[in-house]
Structures are given as C-alpha cells and as structure tokens.
Amino acid sequence: MASSNAATVDEYLRELPEDRRAVVSAVRDVVVRNLPAGYREGMGYGMIVWGIPLEDYPDTYNGQPLGYAALAAQKNYYALYVSTPYQDPAQGQWLRDEFKKAGKKLDMGKSCLRFKKLEDLPLDVISQLIASTPPREYIVQHEKARADAAAARA
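Here we summarise the structure given alongside this text. (Residues numbered from 1 in each chain as written. Predicted model: local features only at pLDDT ≥ 70, side-chain atom pairs only at ≥ 80, totals over all residues. Heavy atoms only, no water.)

### Focus: the overall build of the protein chain
Rules: Each helix is a run of H or I in the DSSP string that is no shorter than four residues. Each strand is a run of E no shorter than two, and both are numbered from the N terminus. Just to be clear, the radius of gyration here is over C-alpha atoms, and the globule rule we use is 2.2 Å times residues to the power 0.38. Whether two residues are in contact is decided by their heavy atoms: any pair within 4.5 Å suffices. Each accessible area is a Shrake-Rupley result for a 1.4 Å probe, and residues are judged covered by the shown protein chains and nothing else. This count recognises Lys and Arg as positive and Asp and Glu as negative, with His and chain-terminal groups excluded. The location of each charge is read from NZ of Lys, CZ of Arg, CG of Asp or CD of Glu.
Scanning the protein chain from N- to C-terminus turns up six helices and six strands. Mapped in sequence order, the helices and strands of the protein chain form the string α-α-β-β-β-β-α-α-β-β-α-α. Its C-alpha radius of gyration of 15 Å places the protein chain within 12% of the 15 Å reference for a compact globule of 154 residues. Dimensions of the protein chain, computed from the C-alpha atoms along their principal axes, are close to 45 × 40 × 30 Å. Put simply, 56% of the contacts in the protein chain that link residues at least 6 apart link residues at least 24 apart. A total of about 8400 Å² of accessible surface is found on the protein chain, and carbon and sulfur atoms cover 53% of it. One finds the centroid of the 20 positive side-chain charges in the protein chain at a distance of 6 Å from the centroid of its 20 negative side-chain charges.

Rendered as structure tokens:
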C-alpha cells in the first residue's frame, strides 16, 4: 500500500493486512504515547499524520495542518516521517548516534525513517525523538527553516 484514501486512522488500519497492521499499530502506539500535548492525529496524504491543528497555527503554505510526524505502510517498507532531525542538525546527529548505539541500521530518506520490520526500529529512541519537540518549539524550527530557505533563494 503506497497511499490510502482512508478518511480515518481506524479505516486506514483496517485496510492493511494483519501482519502490516501489527507493525503500523505498534509504531503508532509509541508515537501516541510520547506525543507532546498540542499535536493532533488524523489522516493526510494517504497516511497517519500528527500535526499542529490549523486553529493553533493557520499560517501554512498549503492550508493543511503543520505536520510533525507521519506513518505509512509503503509498498516494500514502512516509513516514519519526522522532519525535526532534518531541521535541527544536532537532533539529526543524535538520531544517527542513537541508532548506532542500539546496533540498528538507520535508513533515512527525505524526512523519513524507512524500516522493513518492527525490529529495525529502536522504539526507545523513537519515543525520545517524538517526545523531544513540543508544538511551540516545532513552530519556531519550522519558521526558521522557511526563512532560511527563502534567504537562500534570494
């Protein structure tokens, strides 16, 4: 499944085969347990997303909630999308170091962590990563990244 038309998280999970549902559900549980207050879960772009609701931060480039994290069962792997390690070089280095300490191979793509099975993710590291950035701090990071990108284009 590369993308879903599910309107709700429960609908998305029901679409998945049992083995893939178990993996996505386990990672989702880790995210939900560690998500700082102020983020909201929903569906977007065919995957489970957690973001800052528009009523709390309406100034987005696409009129959608500001995404913090997302989770999807792709065709040949799973992906946990988290942009903070890309926006914050120190957090990116921390993530690489923690995967190495855990003896896990870090497969990072463009703002995503790819994994083929649940055992590929050090869930304690994912817990810390998700818990690390409250919404206000994430907004500051996001706005700085946008300003830096605009300055680079100028």
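Picking up where we left off.
### Regarding the sheet that holds strand E2 (residues 47-52)
Convention followed: Whether two strands pair depends on DSSP finding at least two bridges between them. Helix axes use the C-alpha atoms of the stretch in contact, all axes being lines fitted to C-alpha atoms, and the angles between their N-to-C directions lie in the range 0 to 180 degrees.
One open sheet accounts for six strands, arranged E1-E2-E3-E4-E6-E5; its pairing is antiparallel. The strands lining the two open edges of the sheet, one partner per strand, are strand E1 (40-44) and strand E5 (108-109). Pairing between strand E3 (residues 66-73) and strand E4 (residues 78-82): five bridges, direction antiparallel. Looking at the pairing, Ala73 lines up with Tyr78 of E4. This element, helix H2 (residues 18-34), spans E1, E2, E3, E4 and strand E6 (112-115) of the sheet and lies at about 20° to E4.

### Regarding the layout of surface pockets
Heads up, the rule is: The rule is simple: put a 1 Å grid over the protein atoms alone, call a set of points where a 1.4 Å probe fits but cannot get out a cavity, call an open set with protein on both sides within 12 Å along at least five of seven lines a pocket, and count a residue as lining if it has an atom within 4 Å of a point. Grid points are joined across faces, edges and corners, and a volume is the space filled by probe spheres set on the points. Just so you know the grouping, Ala, Val, Leu, Ile, Met, Phe, Trp, Tyr, Cys and Pro go in nonpolar, Asp, Glu, Lys and Arg go in charged, and all remaining residues, Gly too, go in polar.
A volume near 800 Å³ is recorded for the largest pocket. Taken together, 31 residues form the lining of the largest pocket, with Tyr45, Pro65, Leu66, Gly67 and Tyr68 sitting closest to its centre. Elements with a contribution of two residues or more to the lining of the largest pocket: E1, E2, E3, E4 and helix H6 (135-153). Each residue belonging to the lining of the largest pocket can be placed in one class, and the counts come to 17 nonpolar, eleven polar and three charged.

### Overview of the pattern of salt bridges
Filter applied, for reference: Criterion for a salt bridge: a side-chain nitrogen of Lys or Arg within 4 Å of a carboxyl oxygen of Asp or Glu. Only protein chains enter the area calculation, which uses a 1.4 Å probe; residues under 20% of their type maximum are buried, those over 50% are exposed, and those in between are partly exposed.
All told, the structure shown has seven salt bridges when counted by the stated rule. We note a salt bridge from Lys101 to Glu98, for which the minimum N-O separation is 2.9 Å. Of this pair, Lys101 and Glu98 both sit in helix H4 (residues 89-101), three residues apart, which is roughly one turn of the helix. Since its relative accessible area comes to 15%, Glu98 is described here as buried. Linking Asp148 and Lys144 is a salt bridge whose minimum nitrogen-to-oxygen distance equals 2.7 Å. With a gap of four residues between them, Asp148 and Lys144 both fall in helix H6, about one helical turn apart. Exposure remark for Lys144: the relative accessible area of 52% places this residue in the exposed category.

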